Amino acid sequence: HLLPRSPRRCSQGPLNGVQALLQDLWLSLWLRRVMWWTAWALAMNPIHGLTLTYWQSMVRSKHILKDHNGYLSACMYLAASLLTLG
């Protein structure tokens, strides 16, 4: 079944090292906070890309001739840093 088990530590070759690494990864993904942040990151990355695509499409549809992508990126990084530090 899929419940976490205690990791087994073996130092008898590189294959056991890879197996221990994969087992540690699997066990860490079962931690509630790690699972939540992993799901958050996997969901937000495509949403971020779609937002940037739609922003660029909206600017073009409004016949704005200046390139505003630099301003948008700067504002997004500023907001992200304020949320991170805040």
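Scroll up a little and you will see the structure.
This structure is a prediction, so every number in the text was calculated from the model and none was measured.

Turning our attention to the overall build of the protein chain. Assigned secondary structure in the protein chain consists of three helices and zero strands. Tracing the protein chain from N to C terminus, the helices and strands come up as α-α-α. Looking at the protein chain residue by residue over its 86 residues, the buried ones come to 6%. Accessible surface computed for the protein chain: about 8,000 Å², of which carbon and sulfur atoms make up 68%.

Together, Val-18, Leu-22, Leu-25, Leu-29, Leu-31 and Val-34 make up a nonpolar patch on the protein surface, roughly 490 Å² of accessible area in all. The dominant element in the nonpolar patch, judged by the number of residues it contributes, is helix α1 (residues 14-29), at four residues. Looking at the secondary structure, you find Val-34 in helix α2 (residues 32-61).

Next up on the list: the packing of aromatic side chains. The relative placement of two aromatic rings is captured by the distance of their centres and the angle of their planes. In the structure shown here, the tally under the stated rule is three aromatic pairs. For the pair Trp-36 and Trp-37, a centre-to-centre distance of 5.0 Å together with 90 degrees between the ring planes defines the contact as edge-to-face. On the basis of relative accessible area, Trp-37 is assigned to the exposed category, the value being 53%. The interplanar angle of 10 degrees and the centroid separation of 5.6 Å between the aromatic rings of Trp-36 and Trp-40 together place this pair among those described as stacked. Remark: Trp-40 and Trp-36 occur in helix α2; sequence separation between them is four residues, near one turn of the helix. Classification of Trp-36 as partly exposed rests on a relative accessible area of 48%. Take Trp-40: its relative accessible area is 42%, and that puts it in the partly exposed class. In textbook terms, an aromatic cluster arises when at least three aromatic residues are bridged by ring pairs, as seen for Trp-36, Trp-37 and Trp-40.

Thresholds, definitions, all that
- Residues numbered from 1 in each chain as written.
- Predicted model: local features only at pLDDT ≥ 70, side-chain atom pairs only at ≥ 80, totals over all residues.
- Heavy atoms only, no water.
- Helix = DSSP H or I, 4+ residues; strand = E, 2+ residues; numbered from the N terminus.
- Buried < 20%, exposed > 50% of the residue type's maximum accessible area, 1.4 Å probe, protein only.
- Areas by Shrake-Rupley, 256 points an atom, 1.4 Å probe, with all protein chains shown as cover.
- Patch = residues over 30% accessible without salt bridge, like charges linked within 9 Å, V, L, I, M, F, W, Y side chains within 5 Å.
- Salt bridge = Lys/Arg side-chain N within 4 Å of Asp/Glu carboxyl O.
- Phe/Tyr/Trp six-rings, centres within 6.5 Å; stacked < 30°, edge-to-face > 60°.

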